[in-house]
Amino acid sequence: LKKDGLSVIGEFKKASPSHGAMDIKVDLKERILQYNDSVDAISCLTEEDHFYGSTAYLEQIRKMTNLPVIRKDFIIEEYQVYEAKVIGADAILLIAAILDDETFKRLYVLCEVHDEAELQRMLVLDVEIIGINNRNLKTFEVTMDTTKKLSAMLPKDFKERGKVLVSESGVSTDGDISALKQSHADAFLIGTALMESDNPLSSH
């Protein structure tokens, strides 16, 4: 994700609470083969109730790609980290809003923040990768201004110390990407726009 220019994390999911069921054009195998040619890492939803995910999907994806694979779920306990490793994940996503500091520091790989207070907690914990979610989890409203506002709070030496900034949710237009560049994001995580596209490579 620290390469020159922006990196893309392509997501595999079948639904989300804000969007409902995805209008998926192709099956899992074809989508991952397309991702192999078009993204830098793959995020897989394994949460079953709200995202219609499955650990089986991640296991299938692991067999079809050499790209880094992130398990995205409501990770709250150690066994889920071990499970992620067993099913083939290279990393996990952790949500600051649902974990206390002690648990977060014990588990973290990619942390997700939504507001100033959560970001400040992660800076104190000195995490390596910060993901800023542009979606308000209470209203489901999405705005790139969230990344703009929170990225301005990062220390000036954030990148110099090898830290990585990821912008998540709602990225679908050239304008969104331009905004993220101005906010100094290293990468963006895209789910709905890529899942509902005919070909992820042509989408960006």
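Residues numbered from 1 in each chain as written. Predicted model: local features only at pLDDT ≥ 70, side-chain atom pairs only at ≥ 80, totals over all residues. Heavy atoms only, no water.

**Details of the packing of aromatic side chains**
- Summed over all chains, the structure comprises two aromatic pairs.
- Geometrically, the ring pair formed by Phe12 and Tyr57 is edge-to-face, given 5.7 Å between the ring centres and 70 degrees between the ring planes. A residue pair is termed long-range when its members are at least 10 positions apart, and Phe12 in strand β1 (residues 7-12) and Tyr57 in helix α2 (residues 55-64) qualify at 45 residues.
- Judged by its relative accessible area of 3%, Phe12 falls in the buried class. (Phe/Tyr/Trp six-rings, centres within 6.5 Å; stacked < 30°, edge-to-face > 60°. Helix = DSSP H or I, 4+ residues; strand = E, 2+ residues; numbered from the N terminus. Buried < 20%, exposed > 50% of the residue type's maximum accessible area, 1.4 Å probe, protein only.)

**Thoughts on the pattern of salt bridges**
- Tallied over the entire structure, the rule returns 14 salt bridges.
- Two residues, Glu11 and Lys72, come together in a salt bridge whose shortest N-O distance is 3.2 Å. One end of the pair, Glu11, is in strand β1; the other, Lys72, is in strand β5 (residues 69-72), with 61 residues separating them in the sequence. With respect to burial, Glu11 and Lys72 carry one shared label: buried.
- Here Lys149 makes a salt bridge to Glu116, at a shortest N to O gap of 3.4 Å. Residue Lys149 is located in helix α6 (residues 145-151), and its partner Glu116 is located in helix α5 (residues 116-125); the two are separated by 33 residues in the primary sequence.
- What makes Lys149 partly exposed here is its relative accessible area of 45%.
- Looking at Glu116, the relative accessible area reads 34%, which means it is partly exposed.
- It is possible to trace a salt-bridge network through shared partners that takes in Asp126, Glu128, Asp157, Arg161 and Lys163. (Salt bridge = Lys/Arg side-chain N within 4 Å of Asp/Glu carboxyl O.)

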